[in-house]
Amino acid sequence: MPFKIVALIVMITIFLLFSKETTKGALEGLLFCGNVLIPSLFPFMVISTFVVKSGISDYLERFAKYITVPLFGVSGKCGMTVLLSMIGGYPVGAKGIYALYESKQIDIDNAKKLAYFSVGAGPGFLITFVGTNLLDCPSVGVCILCSQILSIIILGFVNKYIFRNIKENNSNLELNSEKISFAQAVVDSTISGIYSMINMCGMVILFSAILGVIGYLLKDYSNIFLFWEIFLEVTNASTDTAENGNILLLAFATGFGGVCVHFQVFQALGEIEINKGIFFLYRIIQGLITCGFTFLFVKCFNVALPVYSSVKNSNFELSTSIAGSVMLIICGLCFLNTFKKYNH
């Protein structure tokens, strides 16, 4: 029996036997999407595509190439995409890479080269959610963010030599010469961002439901459950490591990202197929580098958590943000439907 069929049967059985736990986990994932994911990531998802479609990447190339070529061995057109991967959020870099590849501004080899290191959480997640809401200490979030940016730079620099046979040469590409208006670039980028957010939120809800079942089965083995949280889904892992006050493990978890984030990146890359084993190894190394720099920053700047810090501080005012996020999705779907009719 094919593996996919077996996996489907297992998942259906688990969800039926543990319907209460999966419902609770899915609800927590939905709340996170409404409170954190959509507000913090959606604008950057739109920007990552807009930079390419509007032609801004062409203008930036003449300046960015002095950094991206010697540092990462990639075109200057990739400069904004690399930057957005540092400050936008986990799949934003992948979204920008696909936009560059789709518009034929980089070839498939350079797209893959970029994909291995252009992954990271943004300040909305690390400073606002982790630092402020979970730890009540924004300074820790800043330390982790700076550590993660350094890890991306280091990985990108090393990656240049690992894939040294791939040269930054796009002269053989037939660039997309089609010029679109500013308004059309905004529309196309928004459509792309909406589709990406729907896929992303679906993955988070699914993995949160799975963790709801695992948490129930391992309720007496908190350390083992924490391992599964770090491995599968960064949000739950961040919440629990923050509650325990384990800053270094928290830094590793955010640097690693979790399988849920990895799947989001693969989806955002579209038909750009990368080696999953190498990508996974890079994320482990990124987690370790982020952890190491976080330790140095916390020690050097004498950052200390408030004694009253607790995950209880992560409770948001749910009604407004959830309602707003739901309305954003509904409006987005209506927008897509209207635009589709308009094109016909």
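Scroll up for the structure.
Residues numbered from 1 in each chain as written. Predicted model: local features only at pLDDT ≥ 70, side-chain atom pairs only at ≥ 80, totals over all residues. Heavy atoms only, no water.

Just give me the short version of the state of the cysteines, but keep the residues and values in it.
Each disulfide consists of a covalent bond between the sulfur atoms of two cysteine residues. Counting across every chain of the model gives zero disulfides. Of all cysteine sulfurs, the one in C33 lies closest to C260, which takes part in no disulfide; the gap is 8.5 Å. Exposure remark for C260: the relative accessible area of 1% places this residue in the buried category. (Disulfide = S-S within 2.5 Å. Buried < 20%, exposed > 50% of the residue type's maximum accessible area, 1.4 Å probe, protein only.)

Summarise the packing of aromatic side chains; cite the residues concerned and give the values.
Aromatic ring pairs: the centre-centre distance and the angle between the two ring planes describe each pair. Taken as a whole, this structure holds 21 aromatic pairs when the rule is applied. For the pair Y116 and F163, a centre-to-centre distance of 5.3 Å together with 10 degrees between the ring planes defines the contact as stacked. One end of the pair, Y116, is in the loop between α6 (108-115) and α7 (123-134); the other, F163, is in the loop between α8 (138-162) and α9 (182-217), with 47 residues separating them in the sequence. Each member of the pair, Y116 as well as F163, carries the same accessibility label: buried. Geometrically, the ring pair formed by F297 and F301 is tilted, given 6.2 Å between the ring centres and 45 degrees between the ring planes. (Phe/Tyr/Trp six-rings, centres within 6.5 Å; stacked < 30°, edge-to-face > 60°. Helix = DSSP H or I, 4+ residues; strand = E, 2+ residues; numbered from the N terminus.)

Tell me what's going on with the packing of helix α11 (residues 234-243) against helix α12 (residues 247-256), and back it up with residues and numbers.
At a closest axis distance of 9 Å, the pairing of α11 and α12 adopts a crossing angle of 175 degrees. Comparing the axis directions of α11 and α12 gives the class roughly antiparallel. Counted together, V234, A237, S238, T241 and A242 of α11 and L249, L250, A253 and T254 of α12 form the full contact between these two elements. Considering only residue class, the contact of α11 with α12 consists of six nonpolar, three polar and no charged. (Axes fitted to C-alpha atoms, helices over the stretch in contact; angles between N-to-C directions. Parallel < 35°, antiparallel > 145°, perpendicular 65-115°, else oblique. Contact = heavy atoms within 4.5 Å. Nonpolar A, V, L, I, M, F, W, Y, C, P; charged D, E, K, R; others polar.)

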